[in-house]
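Take a look at the letters that make up each chain.
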Amino acid sequence: MVYTENEVLQYIDENDVKFVKLTFCDITGALKNISVLSSEMAAAFERGVRITAKKIRGFSVAGGRDVYLFPDAQTMKVLPWRPQHGRVIRMFCYIKYGDGTHFEGDSRYFLKCAVKAALDKGWCFRFGTSSEFMLFRNDESGRPTKIPHDYAGYCDIAPDDKGENFRRDVCFTLEQMGIHPVSSRHENGHGQHEIDFNASSALKAADTFLSFKSAVKSVAEQHGIHASFMPKPIRNDCGNGMHIGINVFRDSDFFDSDAPADNADAVNKAAAGIMHYLRDCALFTNSTVNSYRRFGEFSVPRYIAWSDYEQEQIMKLNTETPDEAPVVLRAPDCVCNPYIVYGLLIYAALEGIEKNFELPEKFAPDSGNYEKLPENLSEAANIAESSEFLKRYIDEGLLKLAVNDAKANWKEYSSEYDKELYEEKKYFYSL
């Protein structure tokens, strides 16, 4: 259900809501929130709620100014894992300065602008995700270990798959929030699972993805286990990826059921645009030192190429069943900021359409003559720093912050003697 501000206020009065979490994310996609009493929501809608920008990662671009959270009433959800007496609801927010101008570090607004740019050119985009994560046992004191929750494999069943009840509870939790997963299963890695979502509008898809991650973490805590979206938590096992299904069509086609269904030419040009700029975007699709350990192992692709079935290429084009998701991008991982990533994919696809980019020849395993994703975070940062594509769309100060942050992370990592221990401390417990 989509709410208006007045309907949210009415819902609060009629459903014993005591607290409201105003939620946003930093430049890395980490969720943040501030809780307000429900009695303050009318004022929050009107004037926003102040936060100190300099304390949020990537928000120093505000230059010391305070910023204000303005809740988006359409995103209101009840949090099922919180008490049902004195309920807690959550809304995603846009972020503005005190004078009402939009904060350049607001990634949700960045995506909203990308969606508008596409609509202004007559195009609609939809995104769906297939997201992987791993479950680990906790020790006697409740601290996460690196011992997988089970040792089952792809699509295995109980009792080998010990995550059946967990996945069920995650899906039930999401359904209570009005979010409907398509399917769930045990994946190939030890303790690894995947939950899939149908395509939806870009903003809704990004909001859904972050809600899904929050639900997984919260349900895992209730089950006494640890859920990790870390791209490569176990060195000699599968990594956790985020496959993004992408569809693009004429705006009129979305509303007119009699419009022609053939959209292959636009889809191919959009896919070519995304491939063309994928190295530029790697800093955002794969934003950690650990992200680059995934590539080239356990069927995870590194080559910037396409095929109509999964090999070592980064993009799959569903030529036989285009209604599912004509384009599937296999590079990103689940610790990205989905607002920035979806926004960049829209801009890359639009350039592909407008500039008539052509798809290269289909991937051939024996060829070997393909560009690759960056080898590590340092290379990704250097590419992003010189990218004219990124400079066209991302605020200059924000891009500089992202690049400098990545370089600092790489320098810190490079100076460590025990690099696996460094990655465990930095990523395993928090991602």
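Computed from a predicted model, the values in this text were never measured in an experiment. (Residues numbered from 1 in each chain as written. Predicted model: local features only at pLDDT ≥ 70, side-chain atom pairs only at ≥ 80, totals over all residues. Heavy atoms only, no water.)

**Some remarks on the packing of helix 12 (residues 396-414) against helix 13 (residues 419-428)**
Basically, it comes down to this: Think of each axis as a best-fit line through the C-alpha atoms, taken over the contacting stretch in the case of a helix, with angles from 0 to 180 degrees between the N-to-C directions. Put simply, DSSP H or I for four residues or longer makes a helix, DSSP E for two residues or longer makes a strand, and each gets a number counted from the N terminus. Throughout this description, any angle smaller than 35 degrees is read as roughly parallel, any larger than 145 degrees as roughly antiparallel, any in the 65 to 115 degree range as roughly perpendicular, and the remainder as oblique. Contact criterion: two residues are considered in contact whenever any of their non-hydrogen atoms come within 4.5 Å of each other. Each residue is assigned to one class: nonpolar for Ala, Val, Leu, Ile, Met, Phe, Trp, Tyr, Cys and Pro, charged for Asp, Glu, Lys and Arg, and polar for all the others, Gly among them.
Here helix 12 crosses helix 13 at 135 degrees, and the two axes come no closer than 9 Å. By the angle between their axes, helix 12 is oblique relative to helix 13. The residues of helix 13 that touch helix 12, namely those facing N409, E412, Y413 and S414, are K419, Y422, E423 and K426. Partitioning the contact of helix 12 with helix 13 into residue classes produces two nonpolar, two polar and four charged.

**As for the nonpolar core**
Short version of the rule: Side-chain atoms within 4.5 Å are what join buried Ala, Val, Leu, Ile, Met, Phe, Trp, Tyr and Cys residues into a set we call a nonpolar core. Only protein chains enter the accessibility calculation, which uses a 1.4 Å probe. A residue is then buried if its area is under 20% of the maximum for its type, exposed if over 50%, and partly exposed in between.
The biggest cluster of nonpolar side chains holds 133 residues, and the ones touching the most others in it are I89, F125, F127, F284 and M315. Tallying contributions element by element places helix 9 (residues 338-354) first for this core, with twelve residues. Setting aside anything within four residues of it in sequence, one finds F284 in contact with C336, N337, I340, V341, L344, L390, I394, L399 and A402.

**Overview of unusual backbone geometry**
For the peptide bond that leads from A158 to P159, omega is 10 degrees, which places it in the cis range. Its location among the elements puts P159 in the loop between strand 8 (144-148) and helix 4 (164-176). Of note in the backbone geometry, D16 takes a positive phi value of approximately 55 degrees without being a glycine. Residue placement: D16 occurs in the loop between helix 1 (5-14) and strand 1 (17-25). Judged by relative accessible area, D16 falls into the partly exposed class, the value being 33%.

**Points about the confidence of the model for the protein**
Cut-off, in case you're wondering: Along the chain, pLDDT gives the predictor's confidence residue by residue, from 0 to 100.
Taken as a whole, the protein shows an average pLDDT of 89; of its residues, 94% reach a score of 70 or greater. Low pLDDT, under 50, characterises residues 255-261; the stretch is placed with two contacts to residues that sit more than four places away or in other chains.

**Here's the deal with helix 7 (residues 264-276)**
Definition in use: Here a helix's expected span is defined as the number of its residues, less one, multiplied by 1.5 Å.
Here helix 7 contains 13 residues, and its C-alpha end-to-end distance of 18 Å stays within 8% of the 18 Å for a straight helix at 1.5 Å per residue. Buried residues of helix 7: A266, V267, K269, A270, A271, A272, G273, I274 and M275, and no others.

**Some details on the pairing of strand 10 (residues 192-196)**
Going by this rule: Note: two strands are recorded as paired if DSSP finds a minimum of 2 bridges between them.
For strand 10, the buried fraction is high: five of the five residues fall into the buried class. Of the two faces of strand 10, the one lined by Q192, E194 and D196 and the one lined by H193 and I195 are each fully buried. As paired strands, strand 7 (residues 123-138) and strand 10 are joined by five bridges and run antiparallel to one another. Within strand 10, the position partnered with M134 by the bridge is Q192. With four bridges connecting them, strand 9 (residues 183-186) and strand 10 associate as antiparallel partners. Bridging across to strand 10, S183 finds its partner in D196.

**Thoughts on the packing of helix 4 against helix 5 (residues 202-223)**
To keep it simple, the criterion reads: The hand of a helix crossing depends on one turn: near helix anticlockwise from the far one by less than a right angle means left-handed, and clockwise means right-handed.
Helix 5 packs onto helix 4 with a crossing angle of 130 degrees between their chain directions and a minimal axis gap of 9 Å. When the axis of helix 4 is compared with that of helix 5, the two are oblique. Handedness of the helix 4/helix 5 crossing: right-handed. Within the contact between the two elements, helix 4 uses N165, F166, D169, V170, T173 and L174 and helix 5 uses S211, F212, A215, V216, V219, A220 and H223. Broken down by class, the residue content of the contact of helix 4 with helix 5 amounts to eight nonpolar, four polar and one charged.

**Notes on helix 1**
Keep this limit in mind: By construction, the arc corresponds to the directions joining the helix axis to the C-beta atoms.
Considered for burial, the residues of helix 1 that qualify are V8, Y11 and I12. All buried residues of helix 1 lie within an arc of 100 degrees about the axis, which places them on one face of the element. Facing away from the buried side of helix 1, by more than 90 degrees, are the exposed residues N6, D13 and E14. Residues of helix 1 that are buried make contact with strand 1, helix 2 (41-47), strand 5 (77-78) and strand 6 (87-97). Of the residues flanking the end of helix 1, it is D16, one or two places downstream, whose phi is positive at about 55 degrees.

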